[in-house]
Amino acid sequence: MAQDDLQKHLDNAMYGTPLLKPEEQRKYMGTFRERCYLTMTITQMKNTEDKRNFLNELTKHPDATVLLNGAMAIDLQSSYIKLINEQKVKFTVVNDFVENTPDALGLVLTAKEAVNEEMIDVELKYPKQTSVNQTEQPKRKFWHRLFH
């Protein structure tokens, strides 16, 4: 063994094997971005429509695993654990590198291997629907006031 190899071996024994893409693994609760089907912030987890979209995504990927932020409020965590158990999907509560802030990831739906989903944020993947009448009506009022 060369001196560098020996030092590397000793470092691994003392400190553990270094993480591959450590910032990415911290952000996605220990997994990689390319393995994510869906992510939700703690704020999004409180939204009823986002919760429905999460359940929809769960039915599409029954072999997935849900990673839950262990720092979030216990009542929110418990409600999602109940939903996940009803769907018979595996989950893990992650306590490393997580925090209880509104914009922190609260949930990650992940696969064992790369799935390379383009959109993983629940609100980008499932944009809120607005009706055509609601968006056109203010324009009519404006033009109506201007010319009448």
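Everything below is about the structure shown above.
In this text, all values refer to a predicted model and were calculated from it rather than measured experimentally. (Residues numbered from 1 in each chain as written. Predicted model: local features only at pLDDT ≥ 70, side-chain atom pairs only at ≥ 80, totals over all residues. Heavy atoms only, no water.)

Asker: Is there a simple way to think about unusual backbone geometry in this case?
Answerer: In the Ramachandran plot, Lys88 falls in the positive-phi region, its phi being about 55 degrees despite a non-glycine side chain. Along the chain, the position of Lys88 falls in the loop between α5 (74-86) and β3 (90-94). Its identity is not glycine, yet Asn116 carries a phi of approximately 50 degrees, on the positive side. By the element assignment, Asn116 lies in the loop between β4 (105-110) and α6 (122-125). A relative accessible area of 58% means that Asn116 is categorised as exposed. (Helix = DSSP H or I, 4+ residues; strand = E, 2+ residues; numbered from the N terminus. Buried < 20%, exposed > 50% of the residue type's maximum accessible area, 1.4 Å probe, protein only.)

Asker: How should I be thinking about helix α4 (residues 48-60) in this particular structure?
Answerer: Quick reminder: α-helices carry 3.6 residues per turn. Residues three or four places apart thus point the same way. Under the 1.5 Å per step criterion, the end-to-end length of α4 is 19 Å for 13 residues, consistent within 8% with the ideal 18 Å. Looking only at α4, the buried set comprises Asp50, Asn53, Phe54, Glu57 and Leu58. Angularly, the buried residues of α4 cover 150 degrees about the axis, an arc narrow enough to put them on a single face. Among the exposed residues of α4, those pointing more than 90 degrees away from its buried face are Thr48, Arg52 and Thr59. Buried positions along α4 lie against β1 (36-41), α3 (42-45), β2 (65-69), α5, β4 and α6. For α4, the side-chain oxygen to backbone nitrogen distance between the N-cap and Glu49 is 2.8 Å, and the N-cap itself is Asn47. (Expected span 1.5 Å × (residues − 1). Arc of directions from axis to C-beta. Contact = heavy atoms within 4.5 Å. Polar contact = N/O pair within 3.5 Å; in protein donor to acceptor, adjacent residues only side chain to side chain.)

Asker: What should I look at first to understand the packing of aromatic side chains in this one?
Answerer: Between two aromatic rings, the relevant description is the distance of the centres plus the angle of the planes. Enumeration over the complete set of coordinates arrives at 1 aromatic pair. Summarising the aromatic geometry, the rings of Phe54 and Tyr80 are spaced 5.6 Å apart at their centres and angled 55 degrees between planes, so their arrangement reads as tilted. Within this pair, whereas Phe54 is found in helix α4, its partner Tyr80 is found in helix α5, the two being separated by 26 residues in sequence. Its relative accessible area of 0% is what places Phe54 among the buried residues. Given a relative accessible area of 0%, Tyr80 falls into the buried group. (Phe/Tyr/Trp six-rings, centres within 6.5 Å; stacked < 30°, edge-to-face > 60°.)

Asker: Got a minute to help me understand the sheet that holds β4 in this structure?
Answerer: Strands belonging to one sheet form pairs held by backbone hydrogen bonds; the direction of such a pair is parallel or antiparallel. Taking strand neighbours across the sheet as the criterion, the 4 strands line up as β1-β4-β2-β3 in an open arrangement whose pairing is mixed. Here the strands that pair on one side only, and so sit at the sheet edges, are β1 and β3. Strand-to-strand twist in this sheet, taken as the mean axis angle between neighbours without regard to direction, amounts to 15 degrees. Summarising the sheet, β1 and β4 pair through 5 bridges and their orientation is antiparallel. Each residue of the ladder has a partner; that of Met40, found in β4, is Leu107. Where α4 meets the sheet, its contacts fall on β1, β2 and β4, and the angle it forms with β1 comes to roughly 160 degrees. (Pairing = 2+ DSSP bridges. Axes fitted to C-alpha atoms, helices over the stretch in contact; angles between N-to-C directions.)

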